[in-house]
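Structural characterization, general
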Amino acid sequence: QLRLVESGGGTVQPGGSLTLSCAASGGISRNCVGWFRQAPGKEREGVAAISTPGGGTSYTDSVKGRFTISQDKTKNAVYLQMDSLKPEDTAMYYCAAVWRTAQYCLPTLSYNWAFWGQGTQVTVSS
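Residues numbered from 1 in each chain as written. Predicted model: local features only at pLDDT ≥ 70, side-chain atom pairs only at ≥ 80, totals over all residues. Heavy atoms only, no water.

1. Things to note about the overall build of the chain
In terms of helices and strands, the chain carries 0 helices and 11 strands. Scanning the chain from its N terminus toward the C terminus, one meets helices and strands in the order β-β-β-β-β-β-β-β-β-β-β. When its C-alpha atoms are laid out on the principal axes, the chain stretches across 40 × 25 × 25 Å. Burial analysis of the chain (126 residues in total) assigns 44% to the buried set. (Helix = DSSP H or I, 4+ residues; strand = E, 2+ residues; numbered from the N terminus. Buried < 20%, exposed > 50% of the residue type's maximum accessible area, 1.4 Å probe, protein only.)

2. A look at the nonpolar core
Counting 29 residues, the largest nonpolar core has Trp35, Leu80, Met82 and Tyr93 as its most contacted members. Those elements that provide at least two residues to this core are β3 (18-24), β4 (31-38), β5 (45-51), β7 (67-72), β8 (77-82), β9 (91-99) and β11 (120-124). Ignoring anything within four residues of it in the chain, the contact list for Met82 reads Gly16, Ser17, Leu18, Leu20, Arg66, Phe67, Tyr93 and Val122. Within the second largest apolar cluster, 8 residues are counted, among which are Cys32, Ala49, Val98 and Cys105. (Core = buried A, V, L, I, M, F, W, Y, C linked by side-chain atoms within 4.5 Å. Contact = heavy atoms within 4.5 Å.)

3. With respect to the state of the cysteines
Counted by the stated rule, this structure contains 2 disulfides. Each sulfur in the disulfide pair Cys22 and Cys95 lies 2.1 Å from the other. One disulfide, between Cys22 and Cys95, carries an S-S torsion of 70° and so falls in the right-handed class. Pair noted here: Cys22 is in strand β3 and Cys95 is in strand β9, with a separation of 73 residues, a long-range link. For Cys22, a relative accessible area of 3% corresponds to the buried category. Between Cys32 and Cys105 runs a disulfide, and the two sulfur atoms are separated by 1.8 Å. Residues Cys32 and Cys105 are joined through a disulfide that is left-handed, its torsion about the S-S bond being -80°. Taken together, the residues Cys32 in strand β4 and Cys105 in the loop between β9 and β10 (115-116) connect sequence positions 73 residues apart. Cys105 carries the same exposure label as Cys32, and that label is buried. (Disulfide = S-S within 2.5 Å.)

Structure below.
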C-alpha cells in the first residue's frame, strides 16, 4: 500500500515562505498527487494537484501565483512551495494520491483519493 508522509510545516510571518514535502513509500509514477488544506471550522479544500506521468499542474484560485507544486521522480516526492503567505493560508495541509494516468489533475475532492498523509500544520501569523 502506498504511504504518504508530509513534512515542512511551521509558523511564518505574513509574506514569508515554506516548502512542504510529501514523501511516498512507493512509486507514484501513475498518479495524481494533490495538496489539500483544512482550517478550524472550515471545509477541506483542494490547493494544488499534479499529474505524475504527465506533469500537468493545477491550482485553486486563491493560491495561483503564490504556490507551486512539483515532483522529484527520483525521490518519489511531491513538493508545495508556498510564497507570499497570508494569514488565511493557515491550515493543516495534507497530501493525497489517486491512481490516474491523465495528463492533468485537478485539486478537487471529487476524485477518489485513495491515499492520504497525516498532515502538517502551517501557521501564518505576525
